[in-house]
Each structure stands twice: as structure tokens, then as C-alpha cells.
Amino acid sequence: MNLEKEFEEALDKIDLNKEPPATEPSRQYYFIKKCREMVRQQSEHLGRRLTASTVTFGCQMNARDSEKLTGILEQIGYEIIEDEHADFVIYNTCTVRENANQRVYGRLGALNSIKKKNPHMLIALCGCMMQEPKVVEKLKQSYRFVDLIFGTHNIYKFAELIATRYDSGRMVIDIWKDTDKIVEDLPSERKYPFKSGINIMFGCNNFCSYCIVPYVRGRERSRNPKDIVREIERLVADGVVEVMLLGQNVNSYGKNLETPMSFAGLLKEIEKIEGLERIRFMTSHPKDLSEELIETMKNSSKICRHMHLPLQSGSSRILKEMNRHYSKEQYLDLVDRLRSAVPDISLTTDIIVGFPGETEEDFLETLEVVREVRFDSAFTFIYSKRTGTPAAAKDDQVPEDQVKNRFDRLLKEVQEISREMSARYTGAVLPVLVEEVNDHNNNYMTGRLSNNLLVHFPGTPQLLGKIVNVHLQECKGFYYMGEIVI
């Protein structure tokens with residue numbers, strides 16, 4: 001039985017004349033059915049189908065949350081479009097950097113103009129930014145036209161909150177400071193039918209001194225391994241061949257379970273699932289990367305040859321100030337052990353420039369590590385001061401012109417090395433998961449190697465979701481041009 005049919009059978013059993021169930025996810029199924037009726041009535045009144053658009057800011061976790069939000073909107077009767085002139089617009093926000101907040105405020109201003117012409121329009125805000133009390137206060141004071149505000153801990157309640165908004169006709173705010181609840185088995189609209197993100201844990205316990213994530217995502221909560229395996233089995237039965245296991249720090253998975261299980265142990269269980277071809281995961285924290293995980297990757301035929309391993313700084317002094325719990329030497333040793341066990345592994349990273357107190361000598365150490373490790377690619381960031389974090393209170397903020405100079409030098413180094421590292425597979429024949437029709441030429445397909453590099457090659461849409469062998473003929477810097485090998 002497919003997932004859609006299972007869900008519809010569950011909804012058929014619900015009686016809207018009774019009180020909503022107290023247990024989840026049955027309670028949310030009740031409100032999905034109730035919202036369906038509300039949306040149907042409004043569609044009849046307007047003489048057309050209602051439309052909805054989900055706009056995602058931020059990380060892979062947010063992207064996965066947005067798939068759930070979109071799935072619920074679709075199930076209650078909205079037609080999903082990519083236009084912010086929709087009848088229901090939801091912003092799933094990020095707050096890692098200050099400019100992310102400003103972008104949302106700017107977009108909200110534009111939405112207000114649209115809503116004045118469409119009074120029936122609904123606007124919802126959720127995600128990390130909503131977990132900041134000062135943000136919610138600002139929205140209440142200056143953005144009264146927003147209909148629905150909720151955070152990171154209660155996304156599963158989306159249908160219930162929509163029903164509350166329909167019933168009350170007023171702004172609904174539902175922010176939880178923290179939670180120990182994990183509710184799954186709700187509708188989800190996957191971007192790709194053949195691959196899916198899977199939340200294996202939520203929250204973060206690391207409290208890096210520059211990072212606001214633990215304050216807005218809460219403490220670490222791991223899902224039961226049997227629930228994760230069951231979800232993946234159902235996805236595989238529905239056509240999924242690749243999964244991405246998601247968590248703020250997947251390496252610490254399982255520590256808070258009643259029966260603790262390591263991340264490597266979870267990977268071994270997932271690898272047993274028949275029909276699953278590829279397993280990815282992110283993000284890994286260096287301090288928790290175990291020898292068991294390295295061995296599991298070495299011996300696996302399904303775990304992709306790619307690891308995102310944030311460095312943040314190459315200076316042990318700065319790493320200590322960042323509260324990262326590893327030194328430059330420990331990071332380099334970890335890289336050596338990974339590459340010794342998995343020689344073809346692709347390593348990518350995050351690096352912050354301009355952390356408070358960073359000197360030219362500290363920055364040069366970062367450059368040294370970049371040259372020594374030779375990352376396949378790196379996400380480089382200028383330090384963003386986040387109110388409420390220990391780093392924001394430091395007096396020794398680095399002058400903007402120095403930060404910009406260092407950032408440009410780092411970016412140049414990273415890009416040169418990335419081009420060289422990407423080109424090392426030229427001439428090889430490697431398996432590629434075909435993901436989409438090429439953006440620029442519809443006679444070409446675009447796919448992804450195990451190491452996460454993109455490949456463009458002649459093909460037809462019939463190949464979508466299949467893993468094919470491709471001859472990598474030419475590296476174009478950060479992607480390959482190739483040809484299928486029959």
C-alpha cells in the first residue's frame with residue numbers, strides 16, 4: 001500500500017463531530033480533515049482552487065521541515081505554487097546570521113502590499129527566527145497582518161494552528177521554549193520522488209560561542225532507531241533510493257535514548273534496508289566523530305564517499321574561544337584517519353572569518369589548514385554577531401576592513417584548491433544518481449556522484465531516479481561534463 005493510500009484510509013476513520021484525539025499524530029489527522037473542509041468552502045466562495053507557497057531560508061533541516069509544511073498544505077487542499085502572490089504564503093526562517101532576519105522583514109513588507117489587495121490571504125512565519133522573543137515582539141507590534149507565528153518545536157501542529165486561525169480570525173502565536181516530543185508520520189511533499197531527507201535527531205548541545213542554534217532548536221533529542229528504519233523502509237517502497245540523515249550533530253545521535261545507540265550503529269541498521277542504494281548524512285561535529293564511524297564508512301557499500309566536517313578556524317586558540325572542543329592538531333589527525341580508511345572520500349567544510357579576537361596569525365593558521373587538508377569545497381562565512389551568544393559580548397570584534405580582506409584571501413585559496421580537487425576524477429567512470437533535467441539544455445540530464453559533485457550528460461527524463469555509470473570527460477571547475485557508459 002502506498003503512503004498516500006494509507007493516509008487517506010486514516011482520515012476516513014476520523015469523525016469531525018467528535019472531539020479531536022489527544023494523541024499524535026491522530027490529533028493532526030483530525031485537523032487536516034477539518035482544514036480540508038474549511039479550504040473547500042473558501043475555494044467554492046472564490047470560485048477557484050486556493051494556492052500556497054512555502055519559502056525556505058537556511059539549512060537542510062529547514063528544507064526538510066518545509067517538505068512537511070508543503071505536504072500538509074497540499075493535503076488540506078491547497079495547490080502548491082512558487083509565487084508569493086499565493087493565497088497562503090509561509091516563510092520558514094533561519095536566524096544563523098543577522099542578514100537572514102533582515103531579508104525576512106524586507107519580504108514581509110512586500111507581502112503586506114499583496115495582502116491589502118487580497119484580504120483572504122494568509123501569511124505564516126515559522127522556523128528558528130521565531131524562537132527569538134524580540135522577533136516575536138517586533139512582529140506583534142509592527143507586522144500585525146501576519147496570521148500565524150510558530151517555531152521549530154511544534155511544526156507538526158501546522159494543521160491545528162491553521163484551523164485555530166480559521167476559527168478565531170485573529171493572529172495565532174504558538175512558540176514553545178523547548179520540547180521532548182517528536183511527532184512523525186505526517187504528510188510530506190518530497191522535492192524528489194527518489195531521494196529524501198530524514199530527521200534522525202533534533203536540537204544541539206554544543207553551545208559554540210558564536211552560534212544561536214542551541215537556543216532556537218533546543219537540546220538534543222534523538223528519534224527511536226526503529227522509527228527511523230521504518231520510515232526509510234516506507235520511503236524505499238515509495239521509490240526512494242537515496243536518503244540524507246539530518247541532525248545538527250549526527251555524530252552524537254543516540255546518546256539520550258533509553259537504550260543508547262551510536263550513529264555508526266544506526267548506519268549499520270539502515271544499510272540493511274533492501275532497495276536503498278545511497279546513504280548521506282550531515283552535519284558531523286569533529287569532536288564526536290568516532291573510530292567506529294570511520295570503520296563503518298570504510299566497510300560500507302551504501303554510505304556516500306562524502307563528509308561535511310566543519311573546521312570553523314585553523315587556530316587552536318580561536319577554536320577554544322569558539323568552544324569547539326578540538327584543536328587544529330586533533331582536526332588534522334581526524335582528516336588523516338578518514339583519508340587512510342576511505343581514500344576516495346570528499347571532504348567539505350565550514351570556515352568563519354573574523355571571529356572576535358582573531359589576529360592575522362590566527363587567520364594564517366586557517367590558511368595553512370586549508371592548504372594541508374585540501375577541501376573539495378568550503379562554505380566560507382564572515383562572522384555574524386548574534387545577540388544572546390557569548391561571542392557577541394566580546395569587546396575585541398575584528399574591524400570590518402580586516403575581515404573583508406581575510407575573507408577574500410580565503411575564498412581565493414579555497415576556490416583554487418576546489419578546482420584542483422574536483423578535477424582528480426577526470427577520465428574515470430563512476431555511478432551517478434540522475435536527479436533532474438539540465439537547467440540550460442533539456443537534452444542533458446544532471447546527476448550527482450557519491451562524493452556530491454554534479455555531472456551533466458546527454459540523456460532523457462526516463463533516467464530520473466536511476467543510478468547510471470558516467471564517463472567523466474571534462475571537469476569545468478565545480479562540475480563535470482560526461483557521457484553515459486552502456
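Residues numbered from 1 in each chain as written. Predicted model: local features only at pLDDT ≥ 70, side-chain atom pairs only at ≥ 80, totals over all residues. Heavy atoms only, no water.

- As recorded in an unreviewed UniProt entry, the protein chain goes by the name tRNA-2-methylthio-N(6)-dimethylallyladenosine synthase, listed as coming from Robinsoniella peoriensis.
- Here is the UniProt Subunit (unreviewed entry) comment for the protein chain, exactly as written: "Monomer."
- Quoted straight from UniProt, the Subcellular location (unreviewed entry) entry for the protein chain says "Cytoplasm". (UniProt positions renumbered as here; feature names shortened; annotations may be inferred.)

### Notes on the side chain of D362
Thought 1: Position of D362 among the secondary structure elements: in helix α13 (residues 360–373).
Thought 2: With relative accessibility at 5%, the residue D362 sits in the buried group.
Thought 3: Within the structure, the side chain of D362 is placed 2.8 Å from the side chain of S315, a separation counted as a polar contact.
Thought 4: If near-sequence neighbours (up to four positions away) are discounted, D362 is found in contact with S315, R317, I318 and G357. (Helix = DSSP H or I, 4+ residues; strand = E, 2+ residues; numbered from the N terminus. Buried < 20%, exposed > 50% of the residue type's maximum accessible area, 1.4 Å probe, protein only. Polar contact = N/O pair within 3.5 Å; in protein donor to acceptor, adjacent residues only side chain to side chain. Contact = heavy atoms within 4.5 Å.)

### Considerations on the packing of aromatic side chains
In this description, a pair of aromatic rings is defined by centroid distance and the angle of the planes.
Thought 1: In this structure the tally under the stated criterion is 16 aromatic pairs.
Thought 2: Both rings, one in Y30 and one in F31, keep their centres 5.2 Å apart while their planes meet at 80°; by these two values the pair is edge-to-face.
Thought 3: Residue classification places Y30 among the buried positions, given a relative accessible area of 6%.
Thought 4: Consider the rings of F207 and Y215, whose centres lie 5.4 Å apart with planes at 80°: the pair is edge-to-face.
Thought 5: Residue class for F207 comes out partly exposed when judged on its relative accessible area of 29%.
Thought 6: An aromatic cluster of at least three residues, connected via ring pairs, comprises Y78, F88, F150 and F158.
Thought 7: The ring of Y105 carries the charged tip of K138 above its face, separated from the ring centre by 3.9 Å.
Thought 8: Positioned above the aromatic ring of Y192 is the side chain of K195, whose terminal nitrogen or guanidinium carbon lies 4.8 Å from the ring centre. (Phe/Tyr/Trp six-rings, centres within 6.5 Å; stacked < 30°, edge-to-face > 60°. Lys NZ or Arg CZ within 6 Å of the ring centre and 35° of its normal.)

### Details of the pattern of salt bridges
Thought 1: Across all of its chains, the model carries 44 salt bridges by this definition.
Thought 2: In this structure, E37 and R40 form a salt bridge, with 2.3 Å as the shortest nitrogen-oxygen distance. Linking E37 with R40, this pair stays in helix α2 (residues 26–46), spanning three residues, or about one helical turn.
Thought 3: Bridged by salt links that share partners, the residues E6, D185, R230 and R234 form one connected network. (Salt bridge = Lys/Arg side-chain N within 4 Å of Asp/Glu carboxyl O.)

### Points about the UniProt feature "binding site: [4Fe-4S] cluster 2" (unreviewed entry) in the protein chain
Thought 1: Mapped onto this numbering, the UniProt entry annotates "binding site: [4Fe-4S] cluster 2" (unreviewed entry) at C204, C208 and C211.
Thought 2: Within the fold, C208 resides in the loop between β8 (201–202) and α7 (213–217).
Thought 3: Look at C208 and you get buried, because its relative accessible area is 8%.
Thought 4: The residues contacting C208, other than those within four sequence positions of it, are H285, M322, N323 and R324.
Thought 5: You can see C211 is positioned in the loop between β8 and α7.
Thought 6: A residue is classified by how much of its surface remains accessible, and C211, at 17% relative accessible area, is buried.

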